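Residues per chain, in single letters:
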Amino acid sequence: MDSGLENVVAAETILSDVDGQNGRLVIRGWPVQLLAASMAYEDAAHLLWQGFFEDLPDVADLGARLGAARVEAFDLVAKIPDGLDIVRFLRTGWSLLEDDESLNSAIRLAAAGPVFTAAAVRRERGQAPIAPDADLSKSADFLKMITGKVPGEAEARALDAYLVTVCDHGLNASTFASRVVASTRAGLVSAAMGGISALKGPLHGGAPGPVLDMLDEIGIPENAESWIDSALSRGERLMGFGHRVYRVRDPRADALKAAVARLPGTSGRIAFADHIEKTVLGRLAKKYPNRTLETNVEFSTALLLEALQIPREAFTATFACGRILGWTAHAREQIAEGRLVRPRSVYTGPVPEMA
Ligand code: ACO
């Protein structure tokens, strides 16, 4: 029995390799740092989906189909009920899409992510949604649908760097959930429902919002030690630190930190965050001398998405907009594997009395 499944290998994949001992992440042959520095979202979609859909077009055509699918998805926004937080708004919107195992289904999911996320942000603010522009790149359109303005090249590139960095990451909880659902042949939308439901938990994709809450509560560098010590003494987990697989620094944290540093006006916030990060790492090392707890991707994610003026309530949904590429590719890989995922349990309940 292995309750967290740490030592269980449950899939063979050609999608990504997480080397937790050496802090390396390879996505279909690309080191994540290179992917983050050079690829747009559309390129990453093509990279992850190739080999899994026979009708996958070239990158330019795929970009055009993603743009057209954003426009189609916008018609569904009005059907999503009020009163949902942003990640549930996205999950509900996705659930309205046709559920099959085709490339069209994967395109619709990837395209609809930013449309529903941006509409949810605006609905929370009491603003009307902004229709997508099929001619913009996905990242530029995502930011425009939130703010109403076409972003600069640097901002669109930074969002691309984020979405591409988080597009896949081995058999993490949400990807595993997607593969389990896909193995029942329920469809890619159902697999994405499994993925987003797992992602929304604070121990997985719900951490970056609370990272900013922590920075805000600490407020000034002089408060760092006492704030952190009292959180740890209450047994709280500090968001943006620790990882199930990495025993060294998460390589995605540095890929994203470089992307934040390229954005204008971020140096002061980065300096403050660096101070908090160093203080947290020192305190965690003291409390857990036998366990290496390092910075994970969520810490830099928080700084990057904040700099792009994406509200913190939308961080998990934005994460899902990147990870949908991995969920759909893994779902297709699991379907091709052709085996229903069905582990066993050990019964520890009462036994019936024998007559
Ligand atoms: N803050 C304080 N203590 C921590 C933290 C943390 N961030 N992370 C681990 N610990 C503690 C655990 O409570 C545990 O203490 P205990 O033995 O007294 O119970 C000890 O360190 C060892 O824990 P691990 O075995 O390393 O933790 P696990 O592998 O179960 O959990 C997880 C990994 C969930 C990511 C954890 O580190 C955590 O909760 N981090 C904060 C949330 C976070 O940042 N999540 C995003 C992860 S990245 C991603 O999913 C995209």
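For the structure given in this document, a descriptive report is provided here. Quick caveat: nothing in here was measured; it's all calculated off a predicted structure.

Things to note about the packing of aromatic side chains
Right, so step 1: Per the counting criterion, the structure on display carries three aromatic pairs.
Right, so step 2: Ring geometry for Trp49 and Phe53: centres 6.0 Å apart, planes at 80 degrees, overall edge-to-face. Like Phe53, Trp49 is buried.
Right, so step 3: Judged by centre distance (6.3 Å) and plane angle (80 degrees), the rings of Trp94 and Trp327 are edge-to-face. Here Trp327 lies in helix 15 (residues 315-337) and Trp94 lies in helix 4 (residues 86-95), a separation of 233 residues in the sequence. Assigned by exposure class, Trp94 and Trp327 land together as buried.

A closer look at the site of the ligand
Right, so step 1: Taken together, 22 residues form the shell around the ligand, and within it Leu238, Gly240, Phe241, Arg244 and Arg291 come nearest.
Right, so step 2: The separation between an oxygen atom of the ligand and a polar side-chain atom of His204 is 3.0 Å.
Right, so step 3: In the model, a nitrogen atom of the ligand is placed 2.7 Å from a nitrogen or oxygen of the Leu238 main chain.
Right, so step 4: Coverage of the ligand by the protein amounts to 77% of the 930 Å² it exposes when considered alone.
Right, so step 5: Residue composition of the shell around the ligand, by class: twelve nonpolar, five polar and five charged.

Brief notes about the pairing of strand 2 (residues 24-27)
Right, so step 1: A one-sided burial pattern is seen for strand 2, the buried positions being Leu25 and Ile27 and the unburied ones Arg24 and Val26.
Right, so step 2: Inspection of the sheet shows strand 1 (residues 16-19) paired to strand 2 by four bridges, in the antiparallel sense. Its bridge partner lying in strand 2, Ser16 is registered against Ile27.
Right, so step 3: Sheet analysis places strand 2 next to strand 3 (residues 30-31), joined by two bridges and oriented antiparallel. Counterpart to Val26 in the pairing with strand 3 is Pro31.
Right, so step 4: Taking the residues that link successive antiparallel strands as the turn, the strand 2-strand 3 hairpin has two residues, and the phi of Arg28 there is positive, at about 45 degrees.

A closer look at helix 12 (residues 251-261)
Think of an α-helix as turning once every 3.6 residues; residues three or four places apart then point the same way.
Right, so step 1: The complete set of buried residues in helix 12 reads Pro251, Arg252, Ala253, Ala255, Leu256, Ala259 and Val260.
Right, so step 2: Each element contacted by the buried residues of helix 12 is listed here: strand 2, helix 1 (32-38), helix 7 (153-165), helix 13 (267-287), helix 14 (297-307) and helix 15.

With respect to the sheet that holds strand 2
Right, so step 1: Taken together, three strands build an open sheet; the order of strands is 1-2-3 and the sheet is antiparallel. Either end of the sheet is taken by a strand with one partner, and the two such strands are strand 1 and strand 3.

Some remarks on the environment of Arg125
Right, so step 1: Take Arg125: it is sitting in the loop between helix 5 (103-124) and helix 6 (138-147).
Right, so step 2: Residue Arg125 is classed as partly exposed on the basis of its relative accessible area of 42%.
Right, so step 3: Sequence-distant contacts of Arg125, defined by excluding residues within four places in its chain, comprise Ile146, Gln309 and Pro311.

A word on the environment of Val245
Right, so step 1: Here Val245 is to be found in the loop between helix 11 (224-233) and helix 12.
Right, so step 2: Residues contacting Val245, with those up to four places away along its chain left out, are Val18 and Gly20.

So, the pattern of salt bridges
Right, so step 1: The full count for this structure, using the stated rule, is 19 salt bridges.
Right, so step 2: Here Glu236 and Arg234 are joined by a salt bridge, their closest N and O atoms 2.8 Å apart.
Right, so step 3: With relative accessibility at 53%, the residue Arg234 sits in the exposed group.
Right, so step 4: Taken together, the salt bridges that share partners define one network made up of Asp213, Asp216, Arg269, Glu306 and Arg312.

So, the packing of helix 7 against helix 14
Right, so step 1: Relative to each other, helix 7 and helix 14 sit at 150 degrees, their axes nearing to 10 Å. As far as their axial angle goes, helix 14 and helix 7 are roughly antiparallel. Once helix 7 is placed against helix 14, the crossing between them reads as left-handed. For the pair formed by helix 7 and helix 14, the contact residues are Ala158, Leu159 and Tyr162 on the first element and Thr301, Leu304 and Leu305 on the second.

Parameters and conventions
Residues numbered from 1 in each chain as written. Predicted model: local features only at pLDDT ≥ 70, side-chain atom pairs only at ≥ 80, totals over all residues. Heavy atoms only, no water. Phe/Tyr/Trp six-rings, centres within 6.5 Å; stacked < 30°, edge-to-face > 60°. Buried < 20%, exposed > 50% of the residue type's maximum accessible area, 1.4 Å probe, protein only. Helix = DSSP H or I, 4+ residues; strand = E, 2+ residues; numbered from the N terminus. Near = heavy atom within 4 Å. Polar contact = N/O pair within 3.5 Å; in protein donor to acceptor, adjacent residues only side chain to side chain. Areas by Shrake-Rupley, 256 points an atom, 1.4 Å probe, with all protein chains shown as cover. Nonpolar A, V, L, I, M, F, W, Y, C, P; charged D, E, K, R; others polar. Pairing = 2+ DSSP bridges. Contact = heavy atoms within 4.5 Å. Salt bridge = Lys/Arg side-chain N within 4 Å of Asp/Glu carboxyl O. Axes fitted to C-alpha atoms, helices over the stretch in contact; angles between N-to-C directions. Parallel < 35°, antiparallel > 145°, perpendicular 65-115°, else oblique. Left-handed = near helix turned anticlockwise from the far one by under 90°.

Honestly, it's all geometry; don't read function into it.
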